[in-house]
Amino acid sequence: MKSILQAARAIDELRYDLENIALDDKKEIDQYTDKEILAEAKHVLEMFVNGTNPHWNYEDLQGENGPEQQKWARGEVRKLKALIKKYS
């Protein structure tokens, strides 16, 4: 398995997103290129940090859905940033 794919699967929200896209595309996740996975990671990160058009992930990161969700969201953001930095 590709390193980026292993890292992507360790991030809940990115794994969920890739699984849904793969289902729509009638593909397996491992058929996506590193570039496509990286682009999706950037998109998922944006859902956490962009307050212009808030997503529930943004609300989680802001603590609007409780401290446990905020802790989870902070972990997701940390892992997404690390993946993007490593594979960019």
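The structure under discussion appears in the preceding block.
Thresholds applied
- Counting restarts for each chain: residues are numbered from 1 in the order of the written sequence.
- Only residues with pLDDT of at least 70 are given local features in this predicted model, and only at 80 or more are side-chain atom pairs given and counted; all residues enter the totals for whole chains, interfaces and linings.
- For side-chain calculations, the full set of non-hydrogen atoms in the structure is used, while hydrogens and water are omitted.
- Secondary structure elements are taken from DSSP: a helix is a run of H or I of four residues or more, a strand is a run of E of two residues or more, and numbering for both begins at the N terminus.
- One less than the number of residues in a helix, times 1.5 Å, gives the span that helix is expected to have.
- Buried residues are those whose accessible area, probed at 1.4 Å on protein chains only, stays under 20% of the maximum for their type, while exposed residues exceed 50% and partly exposed ones sit between those limits.
- Any pair of residues with heavy atoms lying within 4.5 Å of one another is described as a contacting pair.
- Note on definitions: salt bridges are taken to be side-chain nitrogens of Lys or Arg within 4 Å of carboxyl oxygens of Asp or Glu.

Chemist: Outline helix α3 (residues 34-49), supporting the account with residue identities and numerical values.
Modeler: The first and last C-alpha atoms of α3 sit 23 Å apart over 16 residues, in line with the 22 Å expected at 1.5 Å per residue. Looking at α3, one finds that the buried residues are I37, L38, E40, A41, V44, L45, M47 and F48. Residues of α3 that are buried sit in contact with α1 (3-9), α2 (12-25), α4 (56-62) and α5 (67-87).

Chemist: So what about the pattern of salt bridges? Which residues, and what values?
Modeler: Applying the stated criterion across every chain yields a total of 3 salt bridges. The residue K2 makes a salt bridge to D34 at a minimum N-O spacing of 3.3 Å. Of the two residues, K2 sits in the segment before α1 while D34 sits in helix α3, which places them 32 residues apart along the sequence. K2 sits in the partly exposed class, given a relative accessible area of 31%. Given the relative accessible area of 38%, D34 is considered partly exposed. For K79, the salt bridge goes to E76, with nearest N and O atoms at 3.5 Å. One end of the pair, K79, and the other, E76, are both in helix α5, 3 residues apart, so they sit about a helical turn from each other.

Purely spatial values, then, with no claim about function.
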